[in-house]
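Structure assessment
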Amino acid sequence: MVIYLIRHGIAASPEEYDTDSERPLTKEGDRKTRKIAQRLYELEIQFDLILTSPLLRAQQTAQILQTVGLSSKIEESAALAPSGDIGNWLEWYKQWQEIGSSSLALVGHQPDLGHWAETLLWARSQDALILKKAGIIGLILPETGSPVGRSQMFWLTPPKFLLP
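Below or above, wherever it landed, is the structure these notes cover. (Residues numbered from 1 in each chain as written. Predicted model: local features only at pLDDT ≥ 70, side-chain atom pairs only at ≥ 80, totals over all residues. Heavy atoms only, no water.)

**A short note on the overall build of the chain**
When its secondary structure is counted, the chain shows four helices and six strands. What you see in the chain, going N to C, is helices and strands ordered as β-α-β-α-β-α-β-α-β-β. In terms of overall size, the chain behaves like a compact globule, its C-alpha atoms giving a radius of gyration of 15 Å where 164 residues would be expected to give roughly 15 Å. Its C-alpha atoms put the chain at 45 × 35 × 25 Å along the principal axes. Expressed as a percentage of its 164 residues, the buried residues of the chain come to 48%. As displayed, the chain offers around 8200 Å² of accessible surface, 48% of which is attributable to carbon and sulfur atoms. Here the chain holds 16 positive side-chain charges and 19 negative ones, and the gap between their average locations is 8 Å. (Helix = DSSP H or I, 4+ residues; strand = E, 2+ residues; numbered from the N terminus. Rg over C-alpha atoms; globule rule 2.2 N^0.38 Å. Buried < 20%, exposed > 50% of the residue type's maximum accessible area, 1.4 Å probe, protein only. Areas by Shrake-Rupley, 256 points an atom, 1.4 Å probe, with all protein chains shown as cover. Lys, Arg positive; Asp, Glu negative; His and termini not counted. Charge placed at Lys NZ, Arg CZ, Asp CG, Glu CD.)

**Notes on the pattern of salt bridges**
As enumerated under the stated definition, the model contains six salt bridges in all. Asp30 is paired through a salt bridge with Arg34; the nearest N and O atoms lie 2.7 Å apart. With Asp30 and Arg34 both in helix α1 (residues 27-42), this residue pair falls four residues apart, about one helical turn. Given the relative accessible area of 25%, Asp30 is considered partly exposed. The shortest N-O distance in the salt bridge between Glu42 and Arg39 comes to 3.4 Å. Note that Glu42 and Arg39 are positioned in helix α1 at a spacing of three residues, about one turn of the helix. Take Glu42: its relative accessible area is 48%, and that puts it in the partly exposed class. (Salt bridge = Lys/Arg side-chain N within 4 Å of Asp/Glu carboxyl O.)

**Things to note about unusual backbone geometry**
For the peptide bond that leads from Gln110 to Pro111, omega is 15°, which places it in the cis range. Tracing the sequence through the fold places Pro111 in the loop between β4 (103-108) and α4 (112-122). One non-glycine residue, Ser83, lies in the positive phi region at around 65°. Relative to the assigned elements, Ser83 resides in the loop between β3 (74-76) and α3 (86-97). The exposure class of Ser83 is exposed, given its relative accessible area of 67%.

Structure (structure tokens):
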């Protein structure tokens, strides 16, 4: 199983909105995210499913990924909200893994996605992986059993390496 942890694009300033969940992508965030999504499409990357945080900026990022043809399916997951629980996601993943899909995108937030990647790689978070806005971490998860501490990283890409 291949998963891509994708941080949302550049979002509006927190001071401009009553709640964090309402913050949309900025025009620049939308533009850059579209360029990155197009580059992923050119690299022939496809997702069986895009699982997204319920926050607006993550949902908009997921919709951009879908719009360029990276996946036809998007689902929302509370586990991907800020301070979401990887344990809840692991329970979901165990069931989802049984359907035999091969590629999954998780759209969420930093530092959570960095912590999740570290947990999947080393079975503990070390605050070492930092994912830039619209950046991507690619992991290969084992085909059976828990992926915690048993996964392999094949990609850690800041957005500047995907922008033309």
